[in-house]
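# Geometric and topological summary
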Amino acid sequence: MKAIISNKYGSPDILELKEVKNPIPDDNQVLIKIYAASLNYGNLVLLKGEPFLARFAFGLFKPKYIISGGDISGKVESVGKNVKHFKPGDEVFGDLSGCGWGGFAEYATVPENSLVIKPSNISFEEAAAVPMAATTALQSLRDKGKIKSGQKVLINGASGGVGTFAVQIAKSFGAEVTAVCSTRNLDIIHSIGADNVIDYTTENFTKNNELYDLILAVNGYHPISAYKGSLSQNGKYVMVGGSGAQLTQAMILGPLLSMTGSKKLGSFLQRPNQTDLIFIRDLIEAGQLKPIIDRYYKMSEVPNAFRYFEEGHTQGKVVITM
């Protein structure tokens, strides 16, 4: 089969399209013919080995996982004898980041608890855009942010993969959603249901005297003190992305600032979860959630896809077709 291989850390230039042996499923695995995959921030970490601390999980001197790719969609080719919930021909999607990656290939072997039946009302390409970003949005809003109906929720960095899902998921929970993005993304954010949209090139939401019950920081940068000042009493700030300074402040200063007063500030790291992906699938099939896709690339164009993605200006997701 064909696969995108990286045997060392570096730039997108090191990625190679090669022929490798087809994977063989064990008794507890499913063999998937992959139709599409998508890019997430974790793919950049695995490619570059940065930040350095990530190498303790991904390989200290060279990548432990030479075939990257987490989000995938495709069809079941065969199943191991202990697999109970899937059969050949099933259309599935899932996140492989918790079970060895391997999504940038024509085939992959996957534990059945990493897969879910694909939503019936979207394409394979759209399904591949969903798992990691949508699960991050759901878990950060529901589990960390404790979102409730009627709350005022602000999404900073609303136009990327996680942000576009977060706007829609917050609306599905009955929140009043304010989305922050650049001028070029205003129409997209209006189209997915945001109640209010702030153009950060002309307005700084931390200085408009509005208070929010929950702030989700997906991209960009504001000092953590500014985020705290924009929280209502008992409000929560959850950092899932953004600049290095934003990450550092959320991880180090967030717990300290949360010790005094009723406002809670901190960071969140997504974990693959089959139950959550089923929840997301149901939202998609109910018409409450749709993936926004910026660009499509062929498998042979994966280095170009990474170059575009690392610029940090994607509108929704970047998808790879196999």
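Please refer to the structure placed before this passage.
My aim in this report is to walk through the structure given alongside it, one point at a time.

Analysis parameters
- Residues numbered from 1 in each chain as written.
- Predicted model: local features only at pLDDT ≥ 70, side-chain atom pairs only at ≥ 80, totals over all residues.
- Heavy atoms only, no water.
- Salt bridge = Lys/Arg side-chain N within 4 Å of Asp/Glu carboxyl O.
- Helix = DSSP H or I, 4+ residues; strand = E, 2+ residues; numbered from the N terminus.
- Buried < 20%, exposed > 50% of the residue type's maximum accessible area, 1.4 Å probe, protein only.
- Pairing = 2+ DSSP bridges.
- Right-handed = clockwise from strand over helix to strand, strands pointing away.
- Polar contact = N/O pair within 3.5 Å; in protein donor to acceptor, adjacent residues only side chain to side chain.
- Contact = heavy atoms within 4.5 Å.
- Phe/Tyr/Trp six-rings, centres within 6.5 Å; stacked < 30°, edge-to-face > 60°.
- Axes fitted to C-alpha atoms, helices over the stretch in contact; angles between N-to-C directions.
- Parallel < 35°, antiparallel > 145°, perpendicular 65-115°, else oblique.
- Left-handed = near helix turned anticlockwise from the far one by under 90°.
- Nonpolar A, V, L, I, M, F, W, Y, C, P; charged D, E, K, R; others polar.

## Focus: the pattern of salt bridges
Scanning all chains against the criterion turns up 13 salt bridges. With its nearest N and O atoms 2.5 Å apart, the salt bridge here joins Arg 307 to Asp 13. A residue pair is termed long-range when its members are at least 10 positions apart, and Arg 307 in helix H10 (residues 302–309) and Asp 13 in the loop between strand S1 (2–5) and strand S2 (16–19) qualify at 294 residues. The class of Asp 13 is exposed, set by a relative accessible area of 57%. Connected through salt bridges with shared partners, the residues Arg 142, Asp 143 and Asp 276 form a single ionic network.

## Side note on the pairing of strand S9 (residues 176–181)
Of all six residues in S9, five are buried, a share of seventy percent or more. Direction of pairing for strand S8 (residues 152–156) relative to S9: parallel, over a ladder of five bridges. Each bridged residue has a counterpart across the sheet, and for Leu 154 the counterpart in S9 is Thr 178. Where the polypeptide runs from S8 across helix H5 (residues 161–172) and back to S9, its parallel neighbour, the crossover connection is right-handed. In terms of strand pairing, S9 meets strand S10 (residues 196–199) through four bridges, oriented parallel. Bridge pairing in S10 links Val 180 to Ile 198. Taken together, S9, helix H6 (residues 186–191) and S10 constitute a β-α-β crossover, and its handedness is right-handed.

## Re the side chain of Thr 314
Its place among the elements puts Thr 314 in the loop between H10 and strand S15 (317–321). Reaching out from Thr 314, the side chain makes a polar contact with the backbone oxygen of Gly 316 at a distance of 3.3 Å. If near-sequence neighbours (up to four positions away) are discounted, Thr 314 is found in contact with Ser 159, Gly 160, Asp 294, Tyr 308 and Phe 309.

## Section: the packing of aromatic side chains
Taken as a whole and judged by the stated rule, the model has eight aromatic pairs. On the basis of an interplanar angle of 90° and a centroid distance of 6.2 Å, the ring pair of Phe 52 and Phe 56 is categorised as edge-to-face. Looking at Phe 52, the relative accessible area reads 48%, which means it is partly exposed. For the ring pair Phe 58 and Tyr 65, a centre distance of 6.4 Å and an interplane angle of 75° mean the geometry is edge-to-face. Overall, the relative accessible area of 23% leaves Tyr 65 in the partly exposed class.

## So, the packing of helix H4 (residues 131–144) against H5
Two packed helices can be described by the angle between their axes and the distance between those axes. Where H4 meets H5, the closest approach of the two axes is 8 Å, and the angle between their N-to-C directions is 50°. The pairing of H4 with H5 is recorded here as oblique in orientation. Remark: the crossing between H4 and H5 carries right-handed chirality. Counting all contacts with H4, which are made through Ala 133, Ala 134, Thr 136, Ala 137, Leu 138 and Leu 141, the residues of H5 involved are Gly 161, Val 162, Phe 165, Ala 166, Ile 169 and Ala 170. Tallied by class, the residues present in the contact of H4 with H5 amount to 10 nonpolar, two polar and no charged.

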